[in-house]
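Commentary on secondary and tertiary structure
Listed below are the residues making up each chain.
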Amino acid sequence: MKIISDINELRDHLRGQNRTSFVPTMGNLHEGHLSLMRLARQYGDPVVASIFVNRLQFGPNEDFDSYPRTMQADIDKLEQEGVYILFAPTEKDLYPQPQEYRVDPPQQLGDILEGEFRPGFFKGVCTVVLKLFSCVQPRVAVFGKKDYQQLMIVRQMASQFALPVEIVPAETIRAEDGLALSSRNIYLSSSERAEAPALQRQLSAMREQVLGLKEKTVSALMDIEAQALTQMQTRGWEPDYIAIRQQGDLAKPTQANLDSGQALVIVTAAKLGKTRLIDNLEI
Ligand code: AMP
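Described below are features of the structure shown in this document. Everything numeric in this text was worked out from a predicted model, so none of it was measured.

1. What about the site of the ligand?
- Surrounding the ligand, one finds 16 residues, the nearest of these being His33, Gly144, Asp147, Ile173 and Leu181.
- Contact between the ligand and Met26: an oxygen atom at 2.9 Å from a main-chain N or O atom of the residue.
- One of the side-chain N or O atoms of His33 is found 2.9 Å from an oxygen atom in the ligand.
- In the complex, 92% of the free accessible area of the ligand, which totals 480 Å², lies under the protein chains.
- Sorting the residues of the shell around the ligand by element identifies strand S2 (21–25), helix H2 (31–43) and strand S5 (140–144) as the ones contributing at least two each.
- Tallying contributions element by element places H2 first for the shell around the ligand, with 3 residues.
- Looking at side-chain class alone, the shell around the ligand contains 7 nonpolar, 6 polar and 3 charged residues.

2. Thoughts on the environment of Glu282
- Mapping Glu282 onto the fold places it in strand S9 (residues 275–282).
- Once the C-alpha coordinates of Glu282 and Ala263 are considered, the two residues, 19 residues apart in sequence, prove to be 8.0 Å apart.
- Apart from residues no more than four positions distant in its own chain, Glu282 is found in contact with Lys145, Tyr148, Arg207, Gln247, Leu264 and Val265.
- Within polar-contact distance, the side chain of Glu282 engages the side chain of Tyr148 at 2.6 Å.

3. What to know about the pairing of S2
- Judged by how many residues are buried, S2 sits mostly within the fold: 5 of 5 residues are covered.
- Direction of pairing for S2 relative to strand S3 (residues 47–51): parallel, over a ladder of 5 bridges. Residue Phe22 lies in a different strand from S3, and its bridge partner there is Val48.
- Between S2 and its parallel partner S3, the chain crosses via H2, and the hand of that crossover is right-handed.
- Sheet topology note: the S2/S5 ladder contains 2 bridges and is parallel. Along S5, the bridge assignment pairs Ser21 with Val140.

4. Some remarks on the packing of aromatic side chains
- Throughout the structure, instances matching the rule amount to 7 aromatic pairs.
- On the basis of an interplanar angle of 70 degrees and a centroid distance of 5.7 Å, the ring pair of Phe52 and Tyr95 is categorised as edge-to-face. One end of the pair, Phe52, is in the loop between S3 and helix H3 (71–80); the other, Tyr95, is in the loop between helix H4 (91–94) and helix H5 (107–110), and 43 residues separate them in sequence.
- Look at Phe52 and you get buried, because its relative accessible area is 6%.
- The class for Tyr95 is buried, based on a relative accessible area of 12%.
- One aromatic cluster in this structure is built from Phe22, Phe133 and Phe143.
- Across from the ring centre of Phe64, 4.9 Å away, lies the NZ or CZ of Arg69, which sits over that ring.

Thresholds applied
- Here the residue numbering is sequential within each chain, running from 1 through the sequence in written order.
- Since the coordinates come from a predicted model, pLDDT governs what is reported: local features require at least 70, and pairs of side-chain atoms require 80 or more to be given and counted, while whole-chain, interface and lining totals use all residues.
- Processing note: side-chain calculations cover all non-hydrogen atoms of the structure and skip hydrogens and water entirely.
- Any residue with a heavy atom positioned within 4 Å of a molecule or strand is treated as near that molecule or strand.
- Within 3.5 Å is the distance limit for a polar contact, defined as a pair of N or O atoms, with the added protein rule that one can donate a hydrogen and the other accept it, and that residues adjacent in sequence qualify only through two side-chain atoms.
- Note on areas: Shrake-Rupley with a 1.4 Å probe; residue coverage comes only from the protein chains shown.
- Secondary structure elements follow DSSP: runs of H or I no shorter than four residues count as helices, runs of E no shorter than two count as strands, and numbering proceeds from the N terminus.
- Only Asp, Glu, Lys and Arg are considered charged in this grouping, and only Ala, Val, Leu, Ile, Met, Phe, Trp, Tyr, Cys and Pro are considered nonpolar; every other residue, Gly among them, is considered polar.
- Should any heavy atoms of two residues lie within 4.5 Å, those residues are considered in contact.
- Accessible area is worked out with a 1.4 Å probe on protein chains only. A residue is then buried under 20% of its type maximum, exposed over 50%, and partly exposed in between.
- Two strands make a pair as long as DSSP finds a minimum of two bridges between them.
- When the strands point away from the viewer and the path from the first strand over the helix to the second turns clockwise, the crossover is right-handed.
- Each aromatic pair joins two rings of Phe, Tyr and Trp (for Trp, the six-membered one) with centres within 6.5 Å, and gets the label stacked for planes under 30 degrees apart, edge-to-face for over 60, and tilted for any other angle.
- As a reminder, the over-ring test applies to NZ of lysine and CZ of arginine, requiring each to be within 6 Å of the ring centre and within 35 degrees of the ring normal.

And the structure:
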């Protein structure tokens with residue numbers, strides 16, 4: 001595997017390739033990331049991964065400085081997956097001047113849910129993803145459904161800018177007890193780690209409740225959300241949101257859309273101690 005930090009050197013190596021598959025990450029790789037590498041390989045060749053902890057998407061009180069950086073272990077894992085190039089730019093490589101041009105996603109998608117609780121997050125994500133796409137020029141890029149809203153926003157960005165890249169979604173990889181794998185899981189104490197799967201169990205219970213409704217109404221869904229919120233709070237969690245939304249646009253379901261059978265998804269972000277976990281479940 002070639003490890004490249006310089007944009008021009010990356011371009012030299014990829015010149016003439018038109019089937020590149022790309023997986024952007026922030027490192028501290030786990031099985032979830034590696035499943036994306038495997039999926040990428042099915043869609044194209046060569047596979048390029050990137051590792052870059054993107055300052056632009058972190059809020060002032062978030063964990064940019066303490067975000068786990070495990071480059072050597074990550075390199076070993078990517079080598080085993082047969083990744084052709086690891087693009088691992090420094091901040092100077094990717095942002096040689098302050099990145100003043102940014103991509104601002106539409107409010108109705110970028111400022112809700114994650115965007116409400118992490119202002120500017122999706123602006124930072126879109127900006128780095130567009131820049132990484134410009135560096136790698138992939139035909140396909142793989143994103144995890146674990147970050148459901150991010151996947152949707154990146155997809156729409158690619159579509160609205162007519163970027164010549166296909167965005168491929170990858171299923172969420174979980175630990176045996178149901179906890180979605182995440183780089184941030186290492187922040188959990190052992191008792192928090194034991195409690196953490198309760199979030200996914202809560203989503204599964206909500207899904208059952210929704211499927212069991214005789215009549216799907218907006219108010220019935222709101223009751224299910226409110227109950228779930230209280231239950232998680234009682235268990236000691238601090239949920240930012242637990243929301244049943246429309247799969248197509250993550251908006252609150254309207255009665256007309258419920259009546260016409262619009263697909264739903266439950267999305268959540270909740271703090272357990274100092275660790276903020278996110279997860280989702282399609283209905
Ligand atoms: P990150 O390094 O957290 O920025 O994630 C890089 C990519 O891996 C994103 O597309 C994530 O959605 C995806 N990802 C993170 N966790 C998982 C998981 N448990 N299963 C599948 N994909 C994941």
